[in-house]
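Listed below, chain by chain, are the residues.
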Amino acid sequence: MTALLPSLSIRPCRACHMTLPPAVLHFRSPSAVVQCASPMLKMSVLAVSLCLLALWPLSLAEPLKFYDCGSPDGKIVIVDVSPCPTQPCPLKKGGLYNINITFSSAVDTQNTTALVHGILAGVHIPFPIPEADGCKSGIACPIMHGTSYNYITSLPIKSMYPSMKLVVEWELRDDNNKDLFCWQIPVVITD
């Protein structure tokens, strides 16, 4: 009788070393996989699922809305200010904000210069930045016509700045003093 039922013998599962009937080992129904999965595997699946669930709202975030204030020698693809969860962007005193601009150039140029202004009641007030040379801000110069670049820098908000609403204007100029990009966003400097 045992010779007629050799398939009913119990064997260890390779994944969790549980002893399971061969029918379960060969059939591999979804419930058998769950039963056979090791506790470590179950925890890993749970951790990955929770991470994906936590990151899901970030994929729904709207891109930063900006005004192109004139980019005759280039085209802005993306403006990213981080963190900037809402608009106008809340800039906290003492904070450091990452700026990443993806743009394509319509000209060849050897050098670039960044200029940043705060616009308050129509008056352009120069805003100091750590590095004005765009070639030292993620761009491999010289810049070539028809090529895309990422301008990457940071914007420190000094604690001595007054709390106020204003518009930030950011330009990157080429050798001919024309804008490769120029964008504006509303911000609020807060305590």
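Use the structure listed above.
The structure presented is a predicted model; accordingly, all values stated were derived computationally and were not measured.

**Student:** For the overall build of the protein chain, give the residues involved together with the corresponding values.
**Tutor:** Along its length, the protein chain carries three helices and 11 strands. Helices (α) and strands (β) of the protein chain occur, in sequence order from the N terminus, as β-β-α-α-α-β-β-β-β-β-β-β-β-β. In the protein chain, which comprises 191 residues, the proportion classed as buried is 34%. With the model as given, the accessible surface of the protein chain reaches about 11900 Å², and the carbon-plus-sulfur share is 65%.

**Student:** With reference to specific residues and values, describe the nonpolar core.
**Tutor:** Counting residues in hydrophobic clusters, the biggest one holds 32 residues, and the most contacted among them are Val81, Phe103, Tyr151, Leu155, Trp170, Phe181 and Trp183. Of all the secondary-structure elements, those providing two or more residues to this core are β4 (74-82), β5 (89-92), β6 (96-105), β7 (113-120), β9 (148-156), β10 (164-173) and β11 (179-190). Element by element, the count of residues in this core is highest for β11, at six residues. The residues touching Trp183, leaving out its near neighbours within four places in the chain, are Phe66, Tyr67, Cys69, Ile76, Val79, Val81, Ile99, Ile101, Val168, Glu169 and Trp170.

**Student:** Help me get a handle on the environment of Leu91, residues and values and all.
**Tutor:** Assignment of secondary structure puts Leu91 in strand β5. The class of Leu91 is buried, set by a relative accessible area of 3%. Sequence separation between Leu91 and Ile157 is 66 residues; the distance between their C-alpha atoms is 6.9 Å. Once residues within four sequence positions are removed from consideration, Leu91 is found in contact with Tyr97, Leu155, Ile157, Val187, Val188, Ile189 and Thr190.

**Student:** Please give an account of the sheet that holds β9 that cites residues and values.
**Tutor:** On the basis of which strands lie adjacent, the open sheet formed by three strands has the order β4-β6-β9 and antiparallel pairing. Each end of this open sheet is capped by a strand with a single partner; those strands are β4 and β9. Averaged over all pairs of adjacent strands, the angle between their axes in this sheet comes to 20 degrees, without regard to strand direction. Note that β6 and β9 share nine bridges and pair antiparallel. Bridge pairing links Phe103 to Tyr149 in β9.

**Student:** So what's going on with the packing of aromatic side chains? Residues and values would help.
**Tutor:** The tally for this structure, following the rule as stated, stands at six aromatic pairs. Aromatic pair Phe103 and Tyr149: ring centres 5.9 Å apart, planes at 35 degrees, arrangement tilted. Of this pair, Phe103 sits in strand β6 while Tyr149 is found in strand β9, placing the two residues 46 residues apart along the sequence. By the burial criterion, Phe103 is buried, and Tyr149 matches it. Pairing Phe127 with Tyr161 gives two aromatic rings, centres 5.1 Å apart and planes at 50 degrees, and the pair type is tilted. With Phe127 in the loop between β8 (123-126) and β9 and Tyr161 in the loop between β9 and β10, this residue pair connects regions lying 34 residues apart in the sequence. An aromatic cluster is built from Phe103, Tyr149, Tyr151, Trp170, Phe181 and Trp183, whose rings are joined through pairwise contacts.

**Student:** Hey, could you go over the pairing of β8 for me, with residue numbers and the actual values?
**Tutor:** Two faces, one strand: in a regular strand the side chains alternate between the faces of the sheet. Two strands pair when backbone bridges link them, and β7 and β8 are joined in this way by four bridges, in the antiparallel orientation. Residue pairing in the sheet places Gly118 in a bridge with Ile125 of β8. Hairpin remark: β7 followed by β8, antiparallel, with two residues in the connecting loop; positive phi at Ala121, about 55 degrees.

**Student:** Please provide a residue-by-residue account of the state of the cysteines, values included.
**Tutor:** Following the criterion strictly, the structure yields three disulfides and no others. Disulfide pairing is shown between Cys69 and Cys182; the S-S distance is 1.9 Å. What sets the handedness of the Cys69 and Cys182 disulfide is the S-S torsion sign, and at about -95 degrees it is left-handed. Remark: Cys182 occurs in strand β11 and Cys69 occurs in the loop between β3 (67-68) and β4; sequence separation between them is 113 residues.

**Student:** Quick one: what's the story with the pattern of salt bridges, residue by residue and with numbers?
**Tutor:** Any two side chains of opposite charge can pair, so long as their charged atoms come close to each other. The final tally for this structure, using the stated rule, is three salt bridges. Between Lys93 and Asp191 there is a salt bridge whose closest N-O contact spans 3.0 Å. Note that Lys93 is positioned in the loop between β5 and β6 and Asp191 in the segment after β11, a separation of 98 residues in sequence. For Asp191, a relative accessible area of 65% translates into the label exposed. Between Glu171 and Arg173 there is a salt bridge, with its nearest N and O atoms 3.0 Å apart. Of the residues examined, Arg173 reaches a relative accessible area of 22% and is grouped as partly exposed. One connected set of salt bridges, linked through shared partners, spans Glu171, Arg173 and Asp179.

The rules behind the values
- Residues numbered from 1 in each chain as written.
- Predicted model: local features only at pLDDT ≥ 70, side-chain atom pairs only at ≥ 80, totals over all residues.
- Heavy atoms only, no water.
- Helix = DSSP H or I, 4+ residues; strand = E, 2+ residues; numbered from the N terminus.
- Buried < 20%, exposed > 50% of the residue type's maximum accessible area, 1.4 Å probe, protein only.
- Areas by Shrake-Rupley, 256 points an atom, 1.4 Å probe, with all protein chains shown as cover.
- Core = buried A, V, L, I, M, F, W, Y, C linked by side-chain atoms within 4.5 Å.
- Contact = heavy atoms within 4.5 Å.
- Pairing = 2+ DSSP bridges.
- Axes fitted to C-alpha atoms, helices over the stretch in contact; angles between N-to-C directions.
- Phe/Tyr/Trp six-rings, centres within 6.5 Å; stacked < 30°, edge-to-face > 60°.
- Disulfide = S-S within 2.5 Å.
- Salt bridge = Lys/Arg side-chain N within 4 Å of Asp/Glu carboxyl O.

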